[in-house]
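Spelled out, the chains give:
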Amino acid sequence: MKKKKIRPFARRLIRSIMWTQFIVMGLASCLLYVLVKDTVKDEELDLYKSYLTITHEEVCEVLSDVQVGMVNRISEIEGSLDQPGQLAAIMNSIVIQNPYIRSCGISFVADYYPQKGHWFCPYAVRGEDSQIVERNFGDANHDYLSAEWFREALEADSCYWSKPFFDSTDSISPLVSYLIPVHNKKGQTVAILGADLSLDRFSQMVLTNEMGNDTIRISFSDTTNTGNLEKRKWIEERLQDRKWRFITYTFIIDGNGTFIAHPEKDRVINSNYFDCAKETPDTIDNYVGRKMVAGESGVYRAADGSPCSFHFFDMELLTVYMFYEPIPGTNWSIALAVPALMVDGFAIVICIAMLLLIALSMLVVRIVGWILIKRTTKPLKQLSASAREVARGNFDAPLPQIKHNDEIHQLRDSFEHMQHSLTKYIDELKSTTASKAAIDNELRVAHDIQMGMLPKVFPPYPDRHDIDIFGRLKAAKDVGGDLFDFFMPSAFQRQTTPNVRQMDSPSELFFCIGDVSGKGVPASLVMAVTRSLFRNISAHVSEPDRIVATLNTMLTEDNDTNMFVTLFVGILNLQDGTLRYCNAGHNAPLLITVSNDSSPFSSMSVSDGLPVRTAPYFLNTDPNLPLGIVSDWKYTAQKIVLQPGTTILLYTDGLNEAEDINHQQFGEKRMLSVAANFTHSYAPHTALLVKQMTEAVQAFVGEAEQSDDMTMLAIQYRKS
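Residues numbered from 1 in each chain as written. Predicted model: local features only at pLDDT ≥ 70, side-chain atom pairs only at ≥ 80, totals over all residues. Heavy atoms only, no water.

Student: Got a minute to help me understand the pairing of strand β19 (residues 578–584) in this structure?
Tutor: Note on strand geometry: in a regular strand, side chains alternate between the two faces of the sheet. Taking burial as the measure, the seven residues of β19 include seven buried ones, the bulk of the element. Burial along β19 is two-sided: Thr578, Arg580, Cys582 and Ala584 facing one way and Leu579, Tyr581 and Asn583 facing the other are all buried. By the bridge criterion, six bridges tie strand β18 (residues 565–573) to β19 in an arrangement that is antiparallel. Bridge pairing in β19 places Leu572 opposite Leu579. Summarising the sheet, β19 and strand β22 (residues 638–641) pair through four bridges and their orientation is antiparallel. Along β22, the bridge assignment pairs Tyr581 with Gln638. (Buried < 20%, exposed > 50% of the residue type's maximum accessible area, 1.4 Å probe, protein only. Helix = DSSP H or I, 4+ residues; strand = E, 2+ residues; numbered from the N terminus. Pairing = 2+ DSSP bridges.)

This is how it looks when you write it as C-alpha cells:
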C-alpha cells in the first residue's frame, strides 16, 4: 500500500503568516529606503560642524589680530627704552589701532628707571565712552612686582596668553592678557608687555535659540572676512529652516577647565568645567573634558557611548553630540553641544512611521493568523478535551476524526497509542508498587533483626564496678555491614586442653568490632554470620589469634562473592588489666587514660611501676590481612597491660573517613582532639565519649549525606 504524502501543518501555517508579513515589511523597507535617513543625518551633522568651525575661526581671528599687532610693535618698544616718556604714547597707539584690545601696559622690573621710582608701568585703557586714558599703573597699592603673573612671565621669557583674571580696577569684566617679554640691548628681560582682551567678546560669539522663537540670533565678532561672511550667510539660511529643533550650547575652556567663554557670563572665570561635571552621575562629560584640555579635536557621538546628561548645559536627560576643537596658540578648547534629538529628529520621524507600519502589519498578521490558526487547530481542542478525560482516569475517552493526513493526524494516532500504553503501565505500576512495599517491609524487618543481634542494653553489667561499656551503630542504609559484640563468659568446665579456658568466675571480657566490605543486604548477611561465629568460637578458644584464624578459615570457604571482613578481637583480664588482642586489617583502637585529678580514678595506683600515659594514642597493631581473603594466613597475637581508668575506643572507618560537602575527611587528628577533651571531663564515662565523638562528626559533616556505616564501641577498664 502506497504511503500517503503528509502535508505538514506547521508549513502551511507559517507559509501563510510569512507571506503576509513579507509583503507588509517589504513596503516599509522600500519607504525607509526612499527617505534616506542617513543622508539627512549626515547633513545635519555637517551643519553643526560648520557652525563650530565658523565660531572657532572667529575666536582665532581675534586672538591672531592681538598677537600679530603686539609682536609687530615689540621692536619699536625695545628701541624706545632709552626714552621712557614715549612708552605711554605707544601704549595709547596700540589700544587705538586694535579694537579688540581693552587695555595695554608695559611693566618694568623694579627700579629700572630710578627717576621713575620703584614701579614703572605706562598703561592705556579704553573707557566706557571709547576714550583712551593714559596713566602709570604701579605703586604700593598696585604692586605688580609681587604678582604671580609678572614673575611667571619673567621666568617664561616667551609670548603666551595668561590665565583669565579680573582687573583690580574693574571686577566685573573678566580679562585675559597676551604677554610678551621686552629685552634691552644686552638681551636682558627688563619688562613685560601685556595686552588685555575682554572675555565678554568671546561670550558673545555664541549662537542661541529658544524653542518656539521666530528668530535666530547669531552674535559674531565684527569682521569683514568675505569667506566667513559667506559661511555665516549659509548657516543663517539653514538655521531659519530648522529653528524649531535647533538648541545648542557653545563654550570655551582653558587647560585647567576654567570657562573662558560661556552663554552665562557669571560662569566665566568663576566656574570650572570639571566642577560642574561632578554634579552629574555620568562620566561622559568628564571624558569629553579630558579630551578638550588635552588639545584633541573630534566629535563624541551619542550612539558610540552611554547616554549623557550635561546638567550644566541645561540639557538634562538628553543624549548629546559633542563637537570640540583646540584653539591654536593657546591651551583653550572650544566645544559645541547639540542634543542628539535635534540631529536625529528626522530619523525619529522615520522610526515613528516605521513603527506605525509595523503595527499595521502586525495587526494584519494577527487577524489573518487568528483565522487560520482557529480553523487549523480545531482538532487540537478536541484532543485537549480527550486529554483532560484521560487525566481524570478515563483511558477510553473518544478521539476526534482528522481529515488531513498531517502532524495533527499523527498526534491523534500517538494519543490513541498512549491511551493503550497508560492502561498497561498503570497495571504494571500497581504490581511494582506492591512489590516495592514488600521489599521495604522486609528491609525494615532485616534491620530490626540485625540490630537485635547486637548488644543494646547499657550498661550491660550494672553490678560490676570494674568495667564500663557503651556501643552504638549508625547504618548508612536500612541494613549495614558493621558489627560489634562483647560478652563475659560464666564458669566453664575444667579441662586439660591448654586452648580451653578454665575459670570459676567471669574475669575476662571478650569483645570484637568489624566491618564487612560493601553495604546493604549482602554485607548484613556476612555481618550476622561473623558475629555468630565469633560467639561460637570464643566459647571454646581463649586465644585471640586462634579465634581470628578460625573465623578466617570459615569465612574463606565458599566465598564466591569475594567479600571480606576487617575485625579486631580482644580479651581483657579484669583482674590485672592485661589485654590480649589480634587485629585483622581493622582500624587501630584509640586508648584514652583519664588524667583529671577530680576523676574517680585519680587515686588508683600505677601497677608494675609503669607510668600512666595521659595523652590519647592509637594502639600498635600488626598488619594482618582481613578475614576471607587467604585461608591459611598466620595471624599474630599482641598483649598490653592497661592502667585503671583506661578507655579503649574501637570504631569502624565510617568515623575517621566521614566526609563533609567538600569531601574533606574527619580524620584521626580530630579524633585525638575529641579524646583529649574527654580526658578532662568531670564524669568520663564511655557513653559520654561516644556522644562527644558522634556530635563532633555531625558538626563536621554538616549537611553532607552519610556514605558509610559508623560504629563505635567504648570499653573502660576500672580496677575494683
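Still to come is the rest of the account.
Student: Please clarify how helix α13 (residues 520–538) should be interpreted in this entry.
Tutor: Because an α-helix packs 3.6 residues into every turn, residues spaced three or four apart end up facing the same way. The terminal C-alpha atoms of α13 lie 27 Å apart, and with 19 residues this matches the ideal 27 Å at 1.5 Å per residue to within 8%. Within α13 the residues assigned to the buried category are Gly520, Ala523, Ser524, Val526, Met527, Ala528, Thr530, Arg531, Leu533, Phe534, Ile537 and Ser538. (Expected span 1.5 Å × (residues − 1).)

Student: What exactly am I supposed to notice about the packing of aromatic side chains here?
Tutor: Two descriptors summarise a pair of aromatic rings, namely the distance from one centre to the other and the angle between the planes of the rings. With the rule as written, the count across this model stands at 21 aromatic pairs. Ring centres of Tyr144 and Phe150 lie 5.3 Å apart, and the angle between their planes is 75°; this geometry places the pair in the edge-to-face category. As far as burial versus exposure is concerned, Tyr144 and Phe150 are alike and both buried. Measuring from centroid to centroid gives 6.2 Å for Phe458 and Phe486, while their planes differ by 40°, and the two rings are tilted. Of this pair, Phe458 sits in the loop between α12 (407–453) and β15 (467–474) while Phe486 sits in strand β16 (residues 482–487), and the two are 28 residues apart along the sequence. The exposure class assigned to Phe486 is buried, which follows from its relative accessible area of 4%. An aromatic cluster is defined as three or more aromatic residues linked by ring pairs; in this entry it consists of Phe108, Tyr112, Tyr113 and Phe120. (Phe/Tyr/Trp six-rings, centres within 6.5 Å; stacked < 30°, edge-to-face > 60°.)

Student: Hey, could you run me through the packing of α13 against helix α14 (residues 544–556) in this one?
Tutor: Any two packed helices are characterised by how steeply their axes cross, that is the angle between the axes, and by the distance between the axes. Viewed as axis vectors pointing N to C, α13 and α14 meet at an angle of 135°, and their least axial separation amounts to 10 Å. With respect to α14, the axis of α13 lies oblique. As α13 packs across α14, the resulting crossing turns out to be right-handed. Contact residues: α13 offers Val529, Thr530, Leu533, Phe534, Ile537 and Ser538, while α14 offers Ile547, Thr550, Leu551, Met554 and Leu555. Tallied by class, residues from the contact of α13 with α14 come to eight nonpolar, three polar and no charged. (Axes fitted to C-alpha atoms, helices over the stretch in contact; angles between N-to-C directions. Parallel < 35°, antiparallel > 145°, perpendicular 65-115°, else oblique. Left-handed = near helix turned anticlockwise from the far one by under 90°. Contact = heavy atoms within 4.5 Å. Nonpolar A, V, L, I, M, F, W, Y, C, P; charged D, E, K, R; others polar.)

Student: Looking at this model, I keep getting lost on unusual backbone geometry. Mind explaining?
Tutor: Note that the residue after Phe458, namely Pro459, is joined by a cis bond; omega there is 0°. Inspection of the secondary structure puts Pro459 in the loop between α12 and β15. A positive phi angle, near 60°, is found at Asp111, a position not held by glycine. Among the secondary structure elements, Asp111 is positioned in the loop between β1 (101–108) and β2 (122–126). If you check the backbone angles, Asn562 has positive phi at about 60° while not being a glycine.

Student: So what exactly am I meant to see when it comes to the nonpolar core here?
Tutor: Side chains of a nonpolar character, in soluble globular proteins, are inclined to be buried together. Ranked by size, the top nonpolar core spans 63 residues in total, and within it Met70, Phe108, Leu193 and Phe202 carry the most contacts. Here this core takes 12 residues from helix α2 (residues 37–79), the largest share from any one element. Each residue touching Met70, except ones within four places of it in the same chain, is listed here: Ile94, Ile101, Cys104, Tyr178, Ile180, Leu193, Gly194 and Ala195. Judged by nonpolar contacts, the second largest core, of 50 residues, contains Val526, Ile537, Leu555 and Leu650. (Core = buried A, V, L, I, M, F, W, Y, C linked by side-chain atoms within 4.5 Å.)

Student: Explain the pattern of salt bridges here, please?
Tutor: A side chain of one charge can pair with a side chain of the opposite charge when the charged atoms of the two come close. Under the counting rule described, the total for this entry stands at nine salt bridges. Note that Arg464 is salt-bridged to Asp466, the shortest N-O span being 2.9 Å. Look at Arg464 and you get partly exposed, because its relative accessible area is 25%. The shortest N-O distance in the salt bridge between Arg718 and Asp468 comes to 3.5 Å. (Salt bridge = Lys/Arg side-chain N within 4 Å of Asp/Glu carboxyl O.)

Student: Even after reading the chapter, I still don't get the sheet that holds strand β11 (residues 259–261), so can you show me in this structure?
Tutor: Pairing between the strands of a sheet comes from backbone hydrogen bonds, and it takes one of two forms, parallel or antiparallel. Taking strand neighbours across the sheet as the criterion, the five strands line up as β11-β10-β14-β13-β12 in an open arrangement whose pairing is antiparallel. Since the sheet does not close on itself, it has two edges, and those belong to β11 and β12 (298–300), each with one partner. Across this sheet, the average inter-strand angle for adjacent strands is 30°, counted without regard to direction. As defined by bridge partners, strand β13 (residues 320–326) adjoins strand β14 (residues 333–339) across seven bridges and the pair is classed as antiparallel.

Student: It is not clear to me how the side chain of Thr679 should be interpreted in this structure. Could you clarify?
Tutor: Within the element layout of this structure, Thr679 appears in helix α16 (residues 667–679). Here the side chain of Thr679 touches Ala676 through a polar contact of 2.6 Å, landing on its backbone oxygen. (Polar contact = N/O pair within 3.5 Å; in protein donor to acceptor, adjacent residues only side chain to side chain.)

Student: Would you mind going over the pairing of strand β10 (residues 249–253) with me for this structure?
Tutor: Of all five residues in β10, five are buried; the element is thus mostly enclosed. Alternating positions in β10 separate into two faces, Tyr249, Phe251 and Ile253 on one and Thr250 and Ile252 on the other, with burial throughout. Relative to β14, β10 is paired through five bridges, and the arrangement is antiparallel. Of the residues in β14, the one forming a bridge with Phe251 is Ala335. For β10 and β11, the ladder comprises two bridges, and the chain directions are antiparallel.

Student: Looking at this structure, how should I read α16?
Tutor: Helix length check: α16 (13 residues) gives 19 Å between terminal C-alpha atoms against 18 Å at 1.5 Å per residue, within 8%. Gly667, Met671, Val674, Ala675, Phe678 and Thr679 are the residues of α16 that are buried. Axial view of α16: buried residues confined to an arc of 165°, hence all on one face. In this structure, α16 carries Lys669 and Asn677 as exposed residues pointing more than 90 degrees from its buried face. Buried-residue contacts for α16 involve β20 (590–593), β21 (617–618), β23 (646–651), α15 (653–656), α17 (686–701) and β24 (710–717). (Arc of directions from axis to C-beta.)

Student: Even after reading the chapter, I still don't get the packing of α16 against α17, so can you show me in this structure?
Tutor: Between α16 and α17, whose axes approach to 10 Å, the crossing angle comes to 140°. With respect to each other, α16 and α17 are oriented oblique. The interaxial crossing formed by α16 with α17 has right-handed handedness. On α17, the residues touching Arg670, Met671, Val674, Ala675 and Phe678 of α16 are Leu688, Leu689, Gln692, Met693, Ala696 and Phe700. Of the residues belonging to the contact of α16 with α17, the class tally is nine nonpolar, one polar and one charged.

So, to be careful, I would describe these as geometric facts and stop short of saying anything about function.
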